[in-house]
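# Examining the three-dimensional arrangement
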Amino acid sequence: MSLKYEIVKRAVRAVGLKNRGKMTADEIIAFKKKQNAKIGIPDIRDREITVSQVSVMGFPVLKMSHNKFTGKADLFIIGGGMVGKPQPSMIKKALRFCRETGLDLYIPYYPLCTEYPLNKAYEMICETYRTMLADYSSENISVIGLSSGGNLALGLIAYMNAEHIVLPRPHYIMVLSPGCGAVNDEERERLKELDKKDFIISADYIKTAEEVMRRGSDSVPDYMIFLQLGDFTGCPEVTFIYGSDEVLYALAPSFEKAMKKYGVKYEMIVGEGMFHCYPVFPVVKEAKQGWDEMIRIMRSKTDIAERGRQV
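The present account deals with the structure reproduced in this document. What you see is a predicted model; the values in this text were computed from it and never measured.

## Quick look at the pairing of strand β5 (residues 141-146)
For β5, a buried count of six out of six residues is recorded, marking the element as mostly surrounded by other parts of the structure. Here five bridges tie strand β3 (residues 73-77) to β5, and the two strands are oriented parallel to one another. Across the sheet, residue Ala-73 finds its bridge partner in β5, namely Ile-141. Pairing of β5 with strand β6 (residues 172-176), which is carried by five bridges, proceeds in the parallel orientation. Bridge pairing in β6 links Leu-146 to Leu-176. As a crossover connection, the stretch from β5 through helix α5 (residues 148-162) into β6 is right-handed.

## Quick notes on helix α7 (residues 203-214)
Those residues of α7 that fall on the buried side of the exposure criterion are Ala-203, Tyr-205, Ile-206, Thr-208, Ala-209, Glu-210, Val-212 and Met-213. If you follow the buried residues of α7, they end up packed against α2 (25-36), α4 (118-133), α5, α6 (185-195) and α8 (222-225). Note on α7: the residue one or two positions beyond its end, Arg-215, has a positive phi of about 50°.

## Quick word on the sheet that holds strand β1 (residues 49-56)
Strand order in the open sheet formed by eight strands is β1-β2-β4-β3-β5-β6-β7-β8, with mixed pairing between adjacent strands. The outermost strands of the open sheet, each flanked by one partner alone, are β1 and β8 (266-271). Strand-to-strand twist in this sheet, taken as the mean axis angle between neighbours without regard to direction, amounts to 15°. Both β1 and strand β2 (residues 59-66) contribute to a ladder of eight bridges, which runs antiparallel. Note on β2: the bridge partner recorded for Ser-52 is Lys-63. On top of the sheet, α5 reaches β3, β5, β6 and β7 (237-243); it is set at about 145° to β5, its chief contact.

## Digging into the packing of helix α3 (residues 88-101) against helix α10 (residues 285-301)
At a minimum axis separation of 10 Å, α3 and α10 run at an interaxial angle of 50°. In this view, α3 runs oblique relative to α10, as classed from their interaxial angle. For the crossing formed where α3 meets α10, the hand is right-handed. Across the interface between the two elements, Lys-93, Arg-96, Phe-97, Glu-100 and Thr-101 from α3 touch Trp-291, Met-294, Ile-295, Met-298 and Arg-299 from α10.

## A short note on the environment of Arg-214
Structurally, Arg-214 can be placed in helix α7. Taking the C-alpha atoms as reference points, Arg-214 and Pro-282, separated by 68 residues in sequence, lie 32 Å from one another. When near neighbours in sequence (up to four residues on either side) are disregarded, Arg-214 contacts Pro-117, Val-220, Asp-222, Ile-225 and Phe-226.

## Focus on the pattern of salt bridges
This model, assessed by the stated rule, comprises 13 salt bridges. Salt-bridge contacts for Asp-185 lead to Arg-188; the nearest nitrogen and oxygen are separated by 3.0 Å. One end of the pair is Asp-185 and the other is Arg-188, both in helix α6 and three residues apart, which spans about a single turn. When its relative accessible area of 55% is taken as the criterion, Asp-185 is described as exposed. The residue Glu-193 makes a salt bridge to Lys-196 at a minimum N-O spacing of 3.3 Å.

Conventions and cut-offs
Residues numbered from 1 in each chain as written. Predicted model: local features only at pLDDT ≥ 70, side-chain atom pairs only at ≥ 80, totals over all residues. Heavy atoms only, no water. Buried < 20%, exposed > 50% of the residue type's maximum accessible area, 1.4 Å probe, protein only. Helix = DSSP H or I, 4+ residues; strand = E, 2+ residues; numbered from the N terminus. Pairing = 2+ DSSP bridges. Right-handed = clockwise from strand over helix to strand, strands pointing away. Contact = heavy atoms within 4.5 Å. Axes fitted to C-alpha atoms, helices over the stretch in contact; angles between N-to-C directions. Parallel < 35°, antiparallel > 145°, perpendicular 65-115°, else oblique. Left-handed = near helix turned anticlockwise from the far one by under 90°. Salt bridge = Lys/Arg side-chain N within 4 Å of Asp/Glu carboxyl O.

Shape is all these values report; function is a separate question.
Written out as structure tokens, the structure is:
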């Protein structure tokens, strides 16, 4: 690891970001409500990309469209523990992603568990995907999800299966460290071991997040909390990206089993010594390499000409 990376790790530990694992579910929700009140949708402008908004179920979706029609779009789902609005800095990263992949983007400001149980977010994500299908062929739609957004991205397939929703599946899914709960002792033990290395998220927080995502409702199906239990019949190709030193990597073996169970083609990429969602935080050279790899893979999986398909 580079010297800069070691300095960054020490700085983050000093700030005490990992201490949120000591907060109760109610404390987390109250804290995030205050934070969210200060976060709006940023005014993003670009000469080659038109930025607009559409409404889905009364919630805003930020749309980034290349001025020259590409015929390709990505459902870009930002994380935040199911309780945090997308930060303006992440919207700027989304714009960079839009430029470098050549994909139009739909960025949902989905309903959060500060107000709603998780199934509300699932419904809205599915409706956003349905909206995209009005303008793009499913063969030219990809989905990427970051952290809790990774839960929603891969969970879209499980949701469509559970709710018997008849829609063509997207062509490809990429998930960075999908945020889910641990469902058995084996997973919980792996969480504890990785907790010693993770300097951002604690194993205790993963347990508390389960309560946060239910938001006091019995209506949330278990597969939304424990996505590794989902039905992935008909799931397109999936790329998983984890850091080897993050607690959520403890769930990677369970997702591998799930993909094999349902015959899903998948790739598991693990950044050695890396942290949670490292490709979208390219503050050190190791993470910058992750960003470049993420862009390269997304471009290769969504290249219409390479796939021999037409819009």
